[in-house]
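Observations on the three-dimensional arrangement
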Amino acid sequence: MIYQRSSQLFAEAEKVIPGGVNSPVRAFKSVGGTPIFIKEAKGPYLYDEDGNRYIDYINSWGPMILGHAYEPVVNAIVERAKKGTSFGAPTALETEIAALAVSMVPNIDKIRFVNSGTEACMSAVRLARGFTNREKIIKFAGCYHGHSDSFLIQAGSGAVTFGSPNSPGVTQGTAKDTLLATYNDLQNVNDLFTANPNEIAAIIIEPVAGNMGCIPPAEGFLEALRELCDVNGTLLIFDEVMTGFRLAKGGAQELYNVKADIVAFGKVIGGGLPVGAFAARNEIMNYLAPVGPVYQAGTLSGNPLAMAAGLEMLKALNNDAAIFERLEEKTAYLENGIRKILEAKNIGYTINRMGSMISVHFDANPVTDFKSAAKGDNETFKKFFHGLLNEGVYIAPSAYETWFITDALMYDDLDFTLNAIDKVASAL
Ligand code: PMP
């Protein structure tokens with residue numbers, strides 16, 4: 001493939017935008033080469049500025065669960081835009097999407113909309129601290145909850161891709177309130193509670209981790225965290241920015257039948273516009289301003305374009321009884337196909353998958369936490385990534401990311417992808 005125009009655009013971007021990108025992983029730093037610049041997208045396909053077509057397995061890092069330029073969402077945005085794009089005052093639309101979200105997700109009474117997953121997680125933690133009157137939180141190494149200060153401690157995703165899981169600029173004072181645990185290691189969490197009695201406001205967790213590749217929780221792990229939280233007066237925060245409205249209508253809470261105290265959302269809930277949200281039962285949500293003392297606000301929060309897009313997306317998911325089954329079947333088809341290919345070629349690998357979240361690690365040992373995720377062979381991954389890109393298959397440019405499957409993918413696209421993987425794997 002020819003990437004001439006993308007390369008030129010990247011060079012121009014580098015002059016005026018740090019690293020040429022507005023979010024680090026996009027820069028292809030860990031895989032080398034220059035990023036492709038996207039001109040447009042439709043359904044499961046991306047088209048770059050050089051006219052190349054790709055089957056998209058990033059899908060804007062999750063939101064485009066029904067494919068790009070999904071018509072009901074696009075139409076809703078266009079119609080709303082004609083009536084004004086921001087008011088900074090309440091609209092009926094906000095109540096409509098809030099009511100629908102509350103009806104789809106278990107254990108929540110109220111939801112507040114923000115502009116990103118980062119804001120959702122940051123606000124969820126502030127609310128948990130305010131509610132419990134405690135300061136410390138437990139987070140898991142390799143989990144990513146956005147780029148707010150408390151979370152940039154052994155963070156996954158781009159933070160680890162760029163070798164700064166602990167970012168300069170986060171003060172010691174902030175870092176000391178974030179206690180680190182190992183994903184899937186209950187004893188470790190137990191020890192933290194013992195060492196910090198009555199001090200832990202919340203455990204925040206990706207119920208299925210997606211930022212060190214995909215790592216599902218070990219059997220009973222989420223249930224055990226729930227119990228530990230109950231015993232210790234600690235709130236359990238599920239960061240469902242990736243899993244929400246993707247693994248099931250009600251997200252991971254529904255899938256695993258484990259109740260969270262606060263849930264953070266992003267990605268799918270905005271239908272591709274900048275939206276995040278956090279939600280909980282009344283008792284907790286009523287701690288928020290203007291009802292309660294915990295402050296949180298936003299000029300563009302509940303923005304009408306964003307709410308219109310999110311509402312159409314949630315409606316589409318809510319009204320389609322078979323959507324999550326179809327996603328499961330398509331992703332299982334892909335998983336089985338990749339397994340066959342890599343086994344036939346004797347390439348060491350681990351595939352983790354939960355529903356339509358899947359990742360390939362080039363290491364034969366089980367990947368259950370950050371340490372085991374870091375053992376993947378990055379040189380093999382780089383070749384795999386660039387080989388696939390050249391064949392017209394766009395996966396995330398880092399071994400620490402999850403692939404997101406969209407319902408717009410048809411079996412022909414999956415077969416095209418498997419053929420490409422077969423070809424690329426032969427050269428690994
Ligand atoms: N939480 C999780 C689990 C995420 O995957 C992400 C982003 N990938 C975030 C929070 C942050 O969301 P945003 O990028 O919208 O700020």
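Each residue is numbered by its place in its chain's sequence as written, counting from 1. A pLDDT threshold of at least 70 governs which residues receive local features in this predicted model, and a stricter bar of 80 or more applies before side-chain atom pairs are shown or counted, although totals over entire chains, interfaces and linings include all residues.

Under an unreviewed UniProt entry, the name given to the chain is Glutamate-1-semialdehyde 2,1-aminomutase, and the organism recorded is Flavobacterium rivuli WB 3.3-2 = DSM 21788. UniProt positions are given in the numbering used here, feature names are shortened, and annotations may be inferred rather than shown by experiment. The Catalytic activity (unreviewed entry) comment attached to the chain in UniProt states, word for word, "(S)-4-amino-5-oxopentanoate = 5-aminolevulinate". UniProt, in its Pathway (unreviewed entry) section for the chain, records the words "Porphyrin-containing compound metabolism; protoporphyrin-IX biosynthesis; 5-aminolevulinate from L-glutamyl-tRNA(Glu): step 2/2."

A few points about the overall build of the chain
Working definition: helices are DSSP H or I runs of at least four residues, strands are E runs of at least two. Numbering for both runs from the N terminus. The helix and strand inventory of the chain stands at 15 helices and 14 strands. A globule of 428 residues ought to have a C-alpha radius of gyration of about 22 Å, and the chain, at 21 Å, matches this closely. On the principal axes, the C-alpha backbone points of the chain span a range of 55 × 55 × 45 Å. Here exposure depends only on C-beta density: within 10 Å of a residue's C-beta, 20 or more other C-beta atoms make it buried, 12 or fewer make it exposed, and intermediate numbers make it partly exposed, the C-beta atoms being placed from the backbone. Counting every position in the chain, which comprises 428 residues, the buried fraction comes to 50%. Atoms counted for the radius of gyration: C-alpha only. Globule rule: 2.2 Å times residue count to the power 0.38.

Re the sheet that holds strand E5 (residues 136-140)
What the seven strands build is an open sheet, ordered E4-E10-E9-E8-E7-E5-E6; its pairing is mixed. Lying at the two open borders of the sheet, with one neighbouring strand each, are strand E4 (110-114) and strand E6 (178-181). This sheet shows a mean twist of 20° between the axes of neighbouring strands, independent of strand direction. Strands were regarded as paired on the criterion that DSSP finds at least two bridges between them. Across four bridges, E5 lies against E6 in parallel orientation. Considered in E6, the bridge of Ile 138 is made with Leu 179. Every axis in this analysis is a line fitted to C-alpha atoms, fitted for helices over the stretch in contact. Angles between the N-to-C directions lie between 0 and 180 degrees.

Some remarks on the UniProt feature "modified residue: N6-(pyridoxal phosphate)lysine" (unreviewed entry) in the chain
According to UniProt, the "modified residue: N6-(pyridoxal phosphate)lysine" (unreviewed entry) feature falls on Lys 267. The class of Lys 267 is buried, set by 26 C-beta atoms lying within 10 Å.

Focus: helix H3 (residues 92-104)
For a helix, the expected span equals 1.5 Å multiplied by the residue count minus one. Across its 13 residues, H3 extends 19 Å between first and last C-alpha, which sits within 8% of the 18 Å expected from 1.5 Å per residue. Two residues qualify as a contact pair if the distance between their C-beta atoms, derived from the backbone, is within 7 Å. Contacts from the buried residues of H3 go to E4, strand E10 (276-280) and helix H11 (304-319).

Quick word on the site of the ligand
Note on definitions: a residue is near a molecule or strand provided its C-beta atom, placed from the backbone, lies within 6 Å of it. Lining the immediate environment of the ligand, one finds 17 residues, of which Ser 116, Gly 117, Thr 118, Gly 146 and Val 241 sit closest. The element best represented in the shell around the ligand is helix H4 (residues 117-132), accounting for three residues. Residue type decides the class: Asp, Glu, Lys and Arg count as charged, Ala, Val, Leu, Ile, Met, Phe, Trp, Tyr, Cys and Pro as nonpolar, and the leftover types, Gly among them, as polar. Residue classes in the shell around the ligand are distributed as five nonpolar, ten polar and two charged.

A look at the domain arrangement of the chain
Residue ranges labeled as domains rest on an automatic or database domain assignment. If you check the domain split of the chain, you get domain 1 (4-69 + 322-426) and domain 2 (71-319). A C-alpha centroid distance of 25 Å is found between domain 1 and domain 2. Residue-level contacts link 34 residues of domain 1 with 33 residues of domain 2. Those elements giving two or more residues to the side of domain 1 that touches domain 2 turn out to be helix H12 (323-344), strand E11 (350-354), strand E12 (357-361) and helix H13 (370-373).

What to know about helix H8 (residues 221-232)
With twelve residues, H8 should reach 16 Å at 1.5 Å per residue; the first-to-last C-alpha distance of 17 Å fits that figure. Turning to H8, its buried residues are Phe 221, Leu 222, Leu 225 and Cys 229. On an axial view of H8, the arc spanned by its buried residues comes to 95°, and they lie on one face. Opposite the buried face of H8, by more than 90 degrees, sit the exposed residues Asp 230 and Val 231. Packed against the buried residues of H8 are helix H7 (186-195), strand E7 (200-205), strand E8 (235-239) and helix H9 (251-256). Directions from the helix axis toward the C-beta atoms define the arc.

Thoughts on the sheet that holds strand E13 (residues 393-394)
Hydrogen bonds between backbone groups are what pair the strands of a sheet, and the pairing can be parallel or antiparallel. In spatial order, the strands read E1-E2-E3-E13; together these four strands make up an open sheet with mixed pairing. The sheet terminates laterally at strand E1 (38-42) and E13, the two strands that pair on one side only. As judged from the two bridges shared by strand E3 (residues 53-56) and E13, these two strands associate in the parallel manner. Paired with Ile 55 across the bridge in E13 is Val 393.

Section: the packing of helix H2 (residues 71-81) against H11
Across the interface, H2 lies against H11 with an axial gap of 8 Å and an inter-helix angle of 150°. On the basis of their axis angle, the class for H2 and H11 is roughly antiparallel. Considering only the axes of H2 and H11, their crossing is right-handed. Mapping the contact onto sequence places Pro 72, Val 73, Ala 76, Ile 77, Arg 80 and Ala 81 in H2 and Pro 304, Leu 305, Ala 308, Ala 309, Glu 312, Met 313 and Ala 316 in H11. When describing relative orientation, an angle under 35 degrees is termed roughly parallel and one over 145 degrees roughly antiparallel, while 65 to 115 degrees is termed roughly perpendicular and anything else oblique. Should the near helix be turned anticlockwise from the far one by less than a right angle, the crossing is termed left-handed; should it be turned clockwise, right-handed.

Quick word on the environment of Thr 194
Looking at the secondary structure, you find Thr 194 in helix H7. Residue class for Thr 194 comes out exposed when judged on the 9 C-beta atoms lying within 10 Å of it. Distance in space between the C-alpha atoms of Thr 194 and Trp 403 is 37 Å, their sequence separation being 209 residues.

Observations regarding the nonpolar core
The nonpolar core criterion groups buried Ala, Val, Leu, Ile, Met, Phe, Trp, Tyr and Cys residues into a set whenever they are joined through C-beta atoms within 7 Å. Ranked by internal contacts, the top residues of the largest apolar core, which has 131 residues, are Ala 124, Ala 128, Ile 237, Ile 262, Val 263 and Ala 277. In terms of residues, this core owes the most to one element, H11, which gives nine residues. When we break this core down by domain, the ones giving at least three residues each are domain 1 (4-69 + 322-426) and domain 2 (71-319). Discounting residues that sit within four places of it in the chain, Val 263 has contacts with Val 105, Ile 108, Phe 238, Glu 240, Gln 253, Phe 278 and Ala 279.

Some words on the environment of Ser 167
By the element assignment, Ser 167 lies in the loop between helix H5 (158-161) and helix H6 (172-175). A residue is classified by how many C-beta atoms lie within 10 Å of it, and Ser 167, with 15 of them, is partly exposed. Sequence-wise, Ser 167 and Phe 151 are 16 residues apart; in three dimensions their C-alpha atoms are separated by 9.6 Å.

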